[in-house]
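Geometric and topological summary
Read off the chains here:
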2 protein chains.
Amino acid sequence: MRSDNATIYDIASDAGVSIATVSRVLRGETNVSAVTRKKVQDAIARHNYRPSSIARGLMSKSTHSLGIVLPKLLNPHYAMIFTGAYEEARKMGYSMSLFPWSSIDTRAYDPATMLVERRLDGVIVCVEYLSPDHDEQVLASLQELKHFMPVVLIGCVPPWYDFPAVTNNNAAMVREIVAYLVSLGHEKIAFIGGVQEDKDPLRRDVGYEEGLRDARLPYTASYRVYGKGTAEAGEKALGDMLDSLKPEYWPTAVIALNDLVAMGCQAAARKRGLSMPKQLSIIGCDDLFCAPYLYPPLTSINTRQQATGARAVQLLISGEDKRETVEWELVERASCAKTK
Amino acid sequence: MRSDNATIYDIASDAGVSIATVSRVLRGETNVSAVTRKKVQDAIARHNYRPSSIARGLMSKSTHSLGIVLPKLLNPHYAMIFTGAYEEARKMGYSMSLFPWSSIDTRAYDPATMLVERRLDGVIVCVEYLSPDHDEQVLASLQELKHFMPVVLIGCVPPWYDFPAVTNNNAAMVREIVAYLVSLGHEKIAFIGGVQEDKDPLRRDVGYEEGLRDARLPYTASYRVYGKGTAEAGEKALGDMLDSLKPEYWPTAVIALNDLVAMGCQAAARKRGLSMPKQLSIIGCDDLFCAPYLYPPLTSINTRQQATGARAVQLLISGEDKRETVEWELVERASCAKTK
DNA sequence: TCAATCGATGTTAGCGCTTACATTATAATC
DNA sequence: GATTATAATGTAAGCGCTAACATCGATTGA
């Protein structure tokens, strides 16, 4: 009953048939007589035999495995995307390997190499805007990768990236957030964003400006800050803003790039004695698992990350070359309140 | 400059050498003349050639890829273990695939199958105690898996699991936590634990009882509850405890199985108007990224999960059949305070 | 009764590499 | 200059499968 690392030849000779017949029952072909099938299955069980997907892949040109590249798994946002993608892949009979972005990004190791050498059937890449330099470099890597295998993108993908993608319309989303805060009576609304860039019309920054315009609210430079998207960065960003402004100019609401940043903002506000949500409303984005447990429980945007991951896998496998936008949902909790 | 899916034969004929020579430069062998090496490298660059790890693996019997099986990535605890393991594997020249536990656990799919068919060079399994039934089933699966490839375990591994492992001595850890709380003056200390079980002497429950005994504190059944280890479960567990006890019997400190449970406990306490840490101290375990941003910032135990993952990879690759225990560190924040 | 048909099984040539071994070119030894 | 050691390169046999094709009875129809 234990494994002896049998090959298809061992099974064939043990069952008294040819390897082709063993291969047939392995792949579930129907043109094998019941009695032969039984003999083969018994031999397989006796040897605890498992066909090698390596040998299989060599011949069939398909590994039935996909890859997903993402910045870092420690950010639950990406863990959710991965989980959605993984489950979907599994349902479709594919396995899925994970490649943290850092490893694709180091120049010491050509980006495509690890993916290509493993002959994956396709790859999903979660893109993240870091800097203009970096952007061009990433785009070039992606183009190259596309020569080898189908690629589907996830995230805030600029329109000029010519790839199938599952994206968020971040601009529209933040625009809606501004409208929501305005409806609560806020007029001094700050925005703690990500890396500064000017090209992509879907980015969150754009939505912030549009939202203010919609509400005929002035744009105030000191209410807008760029950052790295981490909790530490959020804490520093809002802290600096508050410290540099007289209290009467303090914003009454802040829109955080994501929940991590929002967490940092809560810490900064608390450290300065602001009571929340009374004196300061904060809204995050991504609706991480910890959002309901923060204090005050964080109002956030659920961006359906698992569905996003799953849909990307579907596009990858079906080969549809299209770009889809996923819906989002405002999840109201206690961190945003009416002014006065 | 673009990929044409070249094989080693294409490179060989393009460079005017034999495939053996190409293979030699590919693998960095030294006994190739400089001029030949150059010719081959040029041909490789011209075709954008990447050797197939599939074909390579078939011959060399090693895929240079490892697997890691864990319950769920959405829990940042496991994301950290994965990250540590992944980075270490990469350093050692291995790739690493992730297998969420659920997929190895379903009977529809034989646990070993996916790992074995892919001919991984080894696998790390994060074990989690779920129930006596489940425990036996898991152990059986692991034994079987061990016939096919080296296995290293991570987590709270009972001593009778005969596997190399990187473990926490949870009993000692919780014992220290109790001592810490006692040193702050606490006498009514609750414990929101995981699934009930009796066999493993390293489990956290044991440490709780030992800690109380060390401090000559009585053991009170109503202060101890079992649960699922999620935030929701934690909220319900502490909520029920508080609701069923007269306020004068309320614990002044609670030890949560992990930070998720601790988050839930904070919510339950807050909902009942307890001020923290004044009226209730809470200590978690795992020191998740959000611990500093909870309110009050959560005192927790850093269990060095990344180091754990990395060490497991080292054991796996070196083949050392030993069991190691990792150190932990108490990270004091504001959620635990002196009584009075 | 014989050819045509068909279901069940076997034979064999790869898939793209690695590696043991054979071969040749070059240098070193007497 | 013949012999031998040494470095550089080539040849060919697999690794464990898949799949196209071949084979071989057993039916079937005329």
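Note that the structure is a prediction, hence the values are computed from the model and not measured.

Section: the sheet that holds strand S9 (residues 281–283) of chain B
Residues and elements named next belong to chain B. What the 4 strands build is an open sheet, ordered S7-S6-S8-S9; its pairing is parallel. Either end of the sheet is taken by a strand with one partner, and the two such strands are strand S7 (224–225) and S9. As judged from the 3 bridges shared by strand S8 (residues 253–256) and S9, these two strands associate in the parallel manner. Looking at S9, one finds that alanine 253 is bridged to serine 281. In the packing of helix H10 (residues 204–214) onto the sheet, the strands contacted are strand S6 (189–192), S7 and S8, and the crossing angle to S6 comes to about 170°.

Things to note about the domain arrangement of chain A
When the domains of chain A are assigned, the result is domain 1 (8–50), domain 2 (63–168 + 305–325) and domain 3 (170–302). For domain 1 of chain A and domain 2 of chain A, the distance between their C-alpha centres works out to 38 Å.

Observations regarding the interface of chain B and chain A
In this complex, chain B contributes 58 residues to the contact, which on the side of chain A involves 58 residues. Interface area, chain B with chain A, both sides summed: about 5,100 Å², of which 60% is carbon and sulfur. In terms of surface lost to chain A, no three residues of chain B exceed Arg50, Ile54 and Tyr293 of chain B, which account for 17% of the buried area on that side. Our enumeration of links across chain B and chain A arrives at 2 salt bridges. Where arginine 50 of chain A meets glutamate 144 of chain B, a salt bridge forms, and the shortest distance between an N and an O atom there is 3.2 Å. Between chain B and chain A we count 10 residue pairs in polar contact (both at pLDDT 80 or more) in total. Residue assignment for the side of chain B that touches chain A shows that the elements contributing at least two residues are helix H4 (53–60), helix H5 (76–91), strand S2 (95–100), helix H6 (101–105), helix H7 (111–117), helix H8 (132–148), helix H11 (231–244) and helix H12 (259–271) of chain B.

Remarks on the sheet that holds strand S8 (residues 253–256) of chain A
Residues and elements named next belong to chain A. Reading across from one edge, S7-S6-S8-S9 is the order of the 4 strands in this open sheet, with parallel pairing throughout. Sheet topology places strand S7 (224–225) and strand S9 (281–283) at the edges, where each strand pairs with a single neighbour. As judged from the 2 bridges shared by strand S6 (residues 189–192) and S7, these two strands associate in the parallel manner. Counted as the bridge partner of isoleucine 192 is valine 225 from S7. Along the sheet, helix H11 (residues 231–244) contacts S6, S7 and S8; its crossing angle with S6, the most-contacted strand, is approximately 145°.

Here's the deal with the protein's contact with DNA strand D
The immediate surroundings of DNA strand D are formed by 27 residues, with Ser23 and Tyr49 of chain A together with Arg24, Thr36 and Lys61 of chain B found nearest. Taken together, the sugar and phosphate atoms account for 62% of what DNA strand D places within 4 Å of the protein. Measuring from a phosphate oxygen of DNA strand D, one finds a side-chain N or O atom of threonine 36 of chain B at 2.3 Å. Lysine 61 of chain B is positioned such that a nitrogen or oxygen atom in its side chain is 2.3 Å from a phosphate oxygen of DNA strand D. At the level of elements, helix H1 (8–15), helix H2 (19–26) and helix H4 (53–60) of chain A together with helix H2 (19–26) and H4 of chain B are the ones that each hand at least two residues to the surface near DNA strand D. Here the residues of the surface near DNA strand D are counted per class, giving 15 nonpolar, 8 polar and 4 charged.

Topic: the pattern of salt bridges
Note on pairing: side chains with opposite charge can pair once their charged atoms come close. Residues and elements named next belong to chain B. Taken as a whole and assessed by the stated rule, the structure comprises 36 salt bridges over all chains. The salt bridge involving aspartate 243 is made with arginine 272; its shortest N-O contact spans 2.8 Å. Placement of aspartate 243 in helix H11 and of arginine 272 in the loop between H12 and S9 is noted, with a sequence separation of 29 residues between them. For aspartate 243, a relative accessible area of 52% translates into the label exposed.

Some thoughts on the relation of the copies chain B and chain A
Mapping chain B onto chain A leaves a residual RMSD of 0.2 Å; the transformation is a rotation of 180° accompanied by 0.1 Å of translation along its axis. Expressed as an axis order, the relation between the two copies is that of a two-fold axis. The share of interface residues of chain B whose copies in chain A are also at the interface is 100%, consistent with both copies meeting through the same surface.

Here's the deal with the protein's contact with DNA strand C
The environment of DNA strand C is formed by 27 residues, the closest being Ser18, Arg24, Thr36 and Lys61 of chain A together with Ser23 of chain B. Among the atoms of DNA strand C close to the protein, meaning within 4 Å, 59% are from sugar or phosphate groups. In the model, a phosphate oxygen of DNA strand C is placed 2.9 Å from a nitrogen or oxygen of the serine 33 of chain A main chain. Within the backbone of alanine 55 of chain B, an N or O atom sits 3.4 Å from a base nitrogen of DNA strand C.

Examining the environment of proline 201 of chain A
Residue and element names in this part refer to chain A. When you line up the elements, proline 201 lands in the loop between S6 and helix H10 (204–214). Among the residues examined, proline 201 registers a relative accessible area of 43% and is labelled partly exposed. Along the backbone, proline 201 and asparagine 169 are 32 residues apart, and their C-alpha atoms lie at a distance of 9.2 Å. Apart from the residues within four sequence positions on either side, proline 201 is in contact with Pro159, Trp160, Ala171 and Val206.

How each quantity is defined
Residues numbered from 1 in each chain as written. Chains lettered and ligands numbered in written order. Predicted model: local features only at pLDDT ≥ 70, side-chain atom pairs only at ≥ 80, totals over all residues. Heavy atoms only, no water. Pairing = 2+ DSSP bridges. Helix = DSSP H or I, 4+ residues; strand = E, 2+ residues; numbered from the N terminus. Contact = heavy atoms within 4.5 Å. Axes fitted to C-alpha atoms, helices over the stretch in contact; angles between N-to-C directions. Domains from an automatic or database assignment. Buried area = accessible area lost by both parts, 1.4 Å probe. Salt bridge = Lys/Arg side-chain N within 4 Å of Asp/Glu carboxyl O. Polar contact = N/O pair within 3.5 Å; in protein donor to acceptor, adjacent residues only side chain to side chain. Near = heavy atom within 4 Å. Nonpolar A, V, L, I, M, F, W, Y, C, P; charged D, E, K, R; others polar. Buried < 20%, exposed > 50% of the residue type's maximum accessible area, 1.4 Å probe, protein only. Least-squares fit on C-alpha atoms with pLDDT ≥ 70 in both.

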